[in-house]
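Analysis of the macromolecular model
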Amino acid sequence: MMGDESGTVAPLMSPSEKRRALIRMSSDIHDELQAFRRWLKWLCLDQSNAWTSCLSWFVFVAMSIVIPALSHFVLACSDCDTRHSRPYDAVAQLSLTGVAAISFLCISHFVSRYGLRRFLFFDKLCDESETVRKGYTNQFNRSLKILFIFVLPCFAGESAYKIWWYGSGGTRVSFLGNVIVNNTVACILELCSWFYRTVVFFLVCVLFRLICCLQILRLQDFAQVFQINSDVESVLKEHLRIRRHLRIISHRYRSFILWSLIFITASQFSSLLMTTRPNADVNIYHTGELAVCCVSLLAGLLILLRSATRITHKAQAVTCLAAKWHVCATVDSFDAETPVAIRGDEQFVNTASDAEDEGGDEEDELDNCKFDPSYAYSTISFQKRQALVTYFENNRAGITIYGFMLDRTSLHTIFGIEMSLVLWLLGKTSTANRARVDDGDGRITGNDAQKFLSMSNLSRQDLKQVWSIADSKRQGYLGYDEFVVAMQTKRSPSARYPSPERISGNQLQHSSSGSWFSKTGKMSSRPVTSIVDGLKNLYIKKLKPLEVTYKFNDFVCPLLTSSDFEAKPMVMLLGQYSTGKTTFIKHLMGCTYPGAHIGPEPTTDRFVVVMNGADDRSIPGNTIAVQADMPFSGLQSFGTAFLSKFECSQLPNPLLEHITFVDTPGVLSGEKQRTQRSYDFTGAISWFAIKCDLILLLFDPHKLDISDEFKRVIESLRGHDDKIRVVLNKADQIDTQQLMRVYGALMWSLGKVLNTPEVMRVYIGSFNDKPINNAAAGPLGEELFQKEQDNLLNDLKDIPKKACDRRINEFVKRARAAKIHALIISHLRNEMPAMIGKAKAQQSLIDNLANEFAKVQREHHLPLGDFPNVDQFRERLSGYSIDKFEKLKPKMIQCVDEMLAYDIPQLLKDFRNPYDYTN
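Residues numbered from 1 in each chain as written. Predicted model: local features only at pLDDT ≥ 70, side-chain atom pairs only at ≥ 80, totals over all residues. Heavy atoms only, no water.

Concerning a positive patch on the surface
- Side chains of Arg113, Arg118, Lys124, Arg244 and Arg247 sit close together on the surface and give a patch of like positive charge.
- Its place among the elements puts Arg247 in helix H8 (residues 232–275). (Patch = residues over 30% accessible without salt bridge, like charges linked within 9 Å, V, L, I, M, F, W, Y side chains within 5 Å. Areas by Shrake-Rupley, 256 points an atom, 1.4 Å probe, with all protein chains shown as cover. Salt bridge = Lys/Arg side-chain N within 4 Å of Asp/Glu carboxyl O. Lys, Arg positive; Asp, Glu negative; His and termini not counted. Charge placed at Lys NZ, Arg CZ, Asp CG, Glu CD. Helix = DSSP H or I, 4+ residues; strand = E, 2+ residues; numbered from the N terminus.)

Below you can see the structure in the form of structure tokens.
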């Protein structure tokens, strides 16, 4: 920095150049700045030559950018406890690095352009009085002390925080082999970086204060001209010189003051926004470093603003001093010969003497309320004094920032604006916090639970077990019942408490759970407090636009609504008539639902959804299909003929609080299956299969034949093999030998229809309220039936627990299907001609649809098993004009890919067990 201030002058330099160079160099061997230069060299701020300049920039980049970045991205402990997490580290590091960068650039520019002596106005001291020179030298010698008065307390606080953080295991990244050496080196580097950045920032602030002190000394010295018999010209010249110096200071520092004010204000607002956001964990462990950073920045800003407003106030006090001088001289000129004037002078002097003790050291020659008799002596005419006072009143001096005077009034305005912004921000965040806390959904998220359960003083492993037991459904939040279980488990985490629901014997025992899901018909984006909310937001923003663009709802399944995400798990029962479907539901609930008919003949001739309700009632299909809070609006596509054969039965039942049953008509056989269906029975079964979490195929030992309609129904379930369970009901009607033969025949029949190498799970039993027929089954059969029934009930019990996982699974399947559908449609659209022969080309594409599927599969490297059924797709495609479809939009495909690759995994990570930090 100081290369232009020391060294020898070339002999060939012209006299004018030599004079300009000497201004920027030390004028004698007694250099006042020699110690200051050495101190700057130790800080690596010296840029006297190319080598020191490169070293200065290298140290700046290393200390201000590299080390903070390594600390934030590399040394942070991602799997440590909550005390060692650093959620506000980014704000602290960016804030300190930002002001350090502004300060470094400014001081580099100042000294390289003006030189250190000229920048600090040492080259002008020869024109000042002895009082000004001595006062400024004393202020300069005190500058380093003032600098460290501000730096050392902040550095001590930061040192204490860093030593605690590293000493207590804040990082586990070992780059030097030994953990102690690793932590020591990392701690020293971070502290050096902090010290360097704060010193650079405070250095510029203290130098500005020093320069302001020089101008204050000049103004105080300027006040002496009113105590001597000075002429107007000399007073005016001195004031113009002071104004010029103030204008130079303002011009040099205006950018630094403005950008520091903007940057520090933005930093403080960012800190305030982060610490007052919902679920912000504010404590000394997390916000200690941020607090020290904020104090450091505000202290530096206070030095700048106080120095600027102080010198502005002193400069404007000259007007008051001149007016007092004018008044005293005027009074003296009229009353110099009268005794009253003398008595008045004595009265003024006594008054000033009485008030002298109260004024203290705050008053000086510029700011005082004393009457000085020397002011009363002046040989200047009244008109000249009046003109001089008028000049002072209309030419107020001070520090300006791009034309705006930085005085106490402007400072109050700045603070008033910032206070208004703070109050507005606090109002917004408090409203958001209240909305977050009182959102009415009855959910406690992982962050909320961490704060509350941490007061139990249990270990992380115990708290992890408490959350796992309470959140048995893995929804990512705790409802009322789950919270009660968590509180009970917290008392004894080593004990194995049951989940909020149990299945025991013939009845599912549930606690009253209130409302699991909010009942909103219109889907909208809202704060995500569960996995279901996250899936809804992803569907709205990324998947639904793709489905609408390429008419996925017309080819595969209708668009999803909010009720589809919030619906309870559903279990669908399929089978031929009189296989015990309705009796099975009655057996599980312990009662009959409204509208149920049981008999040996085909009694259930309609689809019946059995749901929980306040009272017993039946709702017609046309009514239930248009209710926004019910997930059955997609059934309207099957027409009135189907809706007339569809109804909803509601009744209060503990089991139905968590599971919904779908009772279906018995599958017909023979000629009936072609003549008595007025709606698409197979299509309706396929629609319900997508929505259901479990599908039970019921068989009767006396009805093992699979009709053509039943075969089509089973084939329509393809893609949902993981949901299918087979139940051989009424098994106590045959003996053990016949049961073995029936079981073998059933497996053979299913193997021909399902076409899968895996063996389907078959439950054997008699699921009704009647006692087991021991005469036919025997003791071995009774034990077998009981075990099979327990296994089936356990499978049903797991449905609520796995409902969230199932919903994610179905969502991913739907996203992949929608993506493949969009690629197929866009491929067919591209194969269409632009002008002539569209009908012929479309028919050719439809006829060779399998080949087109293969082309898409090869082009995009997609699994062939994810493609839709060719015949069904061909049937639906024949009703559309392919040239009317949209062309491929890569951004939509990219959104779905990002959702599958990043958003959904991140969603599962956000709502996993909050005490599980395993990556």
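Considering the sheet that holds strand S12 (residues 694–699)
- What the 8 strands build is an open sheet, ordered S9-S10-S8-S11-S7-S12-S13-S14; its pairing is mixed. Both outer strands of the open sheet, strand S9 (617–620) and strand S14 (762–764), are each paired with one neighbouring strand and no more. When the angles between neighbouring strand axes are averaged without regard to direction, this sheet yields 25 degrees.
- Inspection of the sheet shows S12 paired to strand S13 (residues 724–728) by 5 bridges, in the parallel sense. When the bridges of S13 are listed, Leu697 appears paired with Val726. (Pairing = 2+ DSSP bridges. Axes fitted to C-alpha atoms, helices over the stretch in contact; angles between N-to-C directions.)

Things to note about the packing of aromatic side chains
- Applying the stated criterion across every chain yields a total of 36 aromatic pairs.
- When the centroid spacing of 6.3 Å and the interplanar angle of 50 degrees are considered together, the rings of Phe565 and Phe811 count as tilted. One end of the pair, Phe565, is in helix H18 (residues 562–566); the other, Phe811, is in helix H26 (residues 774–831), with 246 residues separating them in the sequence.
- Taking the relative accessible area as the measure of exposure, Phe565 reaches 3% and is therefore buried.
- Phe811 gets classed as buried once you look at its relative accessible area, which sits at 3%.
- Their ring planes at 65 degrees and their centres at 6.4 Å tell us that Phe607 and Tyr679 sit as a pair that is edge-to-face. A residue pair is termed long-range when its members are at least 10 positions apart, and Phe607 in strand S8 (residues 607–612) and Tyr679 in the loop between helix H22 (672–675) and helix H23 (681–691) qualify at 72 residues. (Phe/Tyr/Trp six-rings, centres within 6.5 Å; stacked < 30°, edge-to-face > 60°. Buried < 20%, exposed > 50% of the residue type's maximum accessible area, 1.4 Å probe, protein only.)

Remarks on the pairing of strand S10 (residues 646–651)
- For S10, the buried fraction is high: 6 of the 6 residues fall into the buried class.
- Because side chains alternate across S10, one face comprises the buried residues Phe646, Cys648 and Gln650, and the other comprises Glu647, Ser649 and Leu651, equally buried.
- Bridge analysis of S9 against S10 gives 4 bridges, and the strand direction is antiparallel. From the neighbouring strand, Ser618 faces S10, where its bridge partner is Ser649.

Quick word on the environment of Ile216
- Inspection of the secondary structure assignment puts Ile216 in helix H7 (residues 179–222).
- On the basis of relative accessibility, which here comes to 4%, the residue Ile216 falls in the buried class.
- The sequence separation of Ile216 and Arg310 amounts to 94 residues, and the corresponding C-alpha distance is 8.4 Å.
- Apart from the residues lying within four places of it in its own chain, the contact partners of Ile216 are Arg310, Ile311 and Lys314. (Contact = heavy atoms within 4.5 Å.)

Focus: helix H24 (residues 708–716)
- Taken together, the buried positions of H24 are Glu709, Phe710, Val713, Ile714 and Ser716. Down the axis, H24 shows its buried residues gathered within 160 degrees of arc, on one side only. (Arc of directions from axis to C-beta.)

Structural notes on unusual backbone geometry
- A positive phi angle, near 65 degrees, is found at Phe121, a position not held by glycine.
- Position of Phe121 relative to the elements: it lies in the loop between helix H5 (116–119) and helix H6 (130–167).
- Given the relative accessible area of 3%, Phe121 is considered buried.
- If you check the backbone angles, Lys551 has positive phi at about 55 degrees while not being a glycine.
- Position of Lys551 among the secondary structure elements: in the loop between helix H16 (531–549) and helix H17 (552–555).
- Classification of Lys551 as partly exposed rests on a relative accessible area of 32%.

Overview of the pattern of salt bridges
- Applying the stated criterion to the full structure yields 18 salt bridges.
- Residue Lys162 pairs with Glu190 through a salt bridge whose shortest N-O separation is 2.7 Å. Remark: Glu190 occurs in helix H7 and Lys162 occurs in helix H6; sequence separation between them is 28 residues. In terms of burial, Lys162 and Glu190 fall into one category: buried.
- Linking Asp883 and Lys838 is a salt bridge whose minimum nitrogen-to-oxygen distance equals 3.4 Å.

Topic: the side chain of Glu289
- Within the secondary structure layout, Glu289 lies in helix H9 (residues 284–335).
- Reaching out from Glu289, the side chain makes a polar contact with the side chain of Gln93 at a distance of 3.4 Å.
- Of the polar contacts made by the side chain of Glu289, one reaches the side chain of Lys162; its length is 3.2 Å.
- Residues in contact with Glu289, not counting those within four places in the same chain, are Arg86, Asp89, Gln93, Glu158, Tyr161, Lys162 and Trp194. (Polar contact = N/O pair within 3.5 Å; in protein donor to acceptor, adjacent residues only side chain to side chain.)

A word on the state of the cysteines
- For the structure shown, the criterion picks out 0 disulfides.
- With no disulfide of its own, Cys212 lies 7.1 Å from the sulfur of Cys213, the closest cysteine sulfur. (Disulfide = S-S within 2.5 Å.)

Here we look at H16
- Taking 1.5 Å of rise per residue, 19 residues should cover 27 Å, and H16 covers 26 Å from first to last C-alpha, within 8% of that figure.
- For H16, the principal kink sits at Leu543 and spans about 50 degrees; a proline, Pro545, occurs within the next four residues.
- Across the 19 residues of H16, 14 count as buried, placing the element largely inside the fold.
- Downstream of H16 by a residue or two, Lys551 has a phi angle that is positive, lying close to 55 degrees. (Expected span 1.5 Å × (residues − 1). Bend = angle between axes of the 7 residues up to and from the residue.)

Notes on the confidence of the model for the chain
- When pLDDT is averaged along the chain, the result is 75; 73% of the residues meet or exceed 70.
- Note on residues 493–526: pLDDT under 50 across the span, and 96 contacts to partners over four residues away in sequence or across chains. (pLDDT = per-residue confidence, 0-100.)

Observations regarding the environment of Ser193
- Locating Ser193 in the fold gives a position in helix H7.
- Judged by relative accessible area, which is 1%, Ser193 ranks as buried.
- Residues Ser193 and Ile67, 126 residues apart in the sequence, show an inter-C-alpha distance of 6.8 Å.

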